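# Inside the fold
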Amino acid sequence: MGQSFFWHPDKNQPAPDPLPLGDKGIVGDTDAWVALTCDGPSDAFELELGISGSVEHMEPGTSRALFARLMAKYLTAAREQTRCGQ
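An account of the accompanying structure is given in this report.

Conventions used here
Residues numbered from 1 in each chain as written. Predicted model: local features only at pLDDT ≥ 70, side-chain atom pairs only at ≥ 80, totals over all residues. Heavy atoms only, no water. Pairing = 2+ DSSP bridges. Helix = DSSP H or I, 4+ residues; strand = E, 2+ residues; numbered from the N terminus. Expected span 1.5 Å × (residues − 1). Contact = heavy atoms within 4.5 Å. Disulfide = S-S within 2.5 Å. Buried < 20%, exposed > 50% of the residue type's maximum accessible area, 1.4 Å probe, protein only. Salt bridge = Lys/Arg side-chain N within 4 Å of Asp/Glu carboxyl O.

### Structural notes on the pairing of strand S2 (residues 24-27)
Sheet topology note: the strand S1 (residues 17-18)/S2 ladder contains 2 bridges and is antiparallel. If you follow Pro 18 over to S2, its bridge partner there is Ile 26. Hairpin connection, S1 to S2: the antiparallel pair is bridged by 5 residues, and Gly 22 has positive phi, about 65 degrees. Two elements, S2 and strand S3 (residues 31-39), share 4 bridges in a ladder whose sense is antiparallel. Bridge pairing links Lys 24 to Ala 35 in S3. Following S2, the chain reverses through 3 residues before pairing antiparallel with S3.

Quick look at the structure:
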């Protein structure tokens, strides 16, 4: 698998931070993305997960931690559903 994951951050937002989940991950003020390569029963496959949302109601500076926690839960659920990493 090529692991050719590449995301285009919004130039109007501060640069994203690395997110230590999966093979590659980033977290920004309004979103988070994780890439994961899985060995399936017959073939390997690449999984790309993303979440985004409005942060208008949040205190400034708290959204990245929230998106990181949500992405960790999302990745766990995705691994269970796809049996990736089991």
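Let's pick the thread back up.
### Description of helix H1 (residues 63-82)
Helix length check: H1 (20 residues) gives 28 Å between terminal C-alpha atoms against 28 Å at 1.5 Å per residue, within 8%. The secondary structure elements touched by the buried residues of H1 are S1, S2, S3 and strand S4 (44-52). Arg 83 sits one or two positions beyond H1 and adopts a positive phi of about 60 degrees.

### Considering the state of the cysteines
Note: disulfide means a covalent bond formed between the sulfur atoms of two cysteine side chains. Enumeration according to the criterion identifies 1 disulfide in this entry. Here Cys 38 connects covalently by a disulfide to Cys 84, the sulfurs 1.9 Å from one another. The sign of the -95 degrees torsion about the S-S bond sets the Cys 38-Cys 84 disulfide as left-handed. One end of the pair, Cys 38, is in strand S3; the other, Cys 84, is in the segment after H1, and 46 residues separate them in sequence. With a relative accessible area of 5%, Cys 84 lands in the buried category.

### Let's talk about the pattern of salt bridges
Applying the stated criterion to the full structure yields 2 salt bridges. Asp 29 is paired through a salt bridge with Arg 64; the nearest N and O atoms lie 2.6 Å apart. Note that Asp 29 is positioned in the loop between S2 and S3 and Arg 64 in helix H1, a separation of 35 residues in sequence. According to the relative accessible area criterion, Arg 64 is buried, its value standing at 15%. Residues joined in a network through salt bridges with shared partners are Asp 17, Asp 29 and Arg 64.

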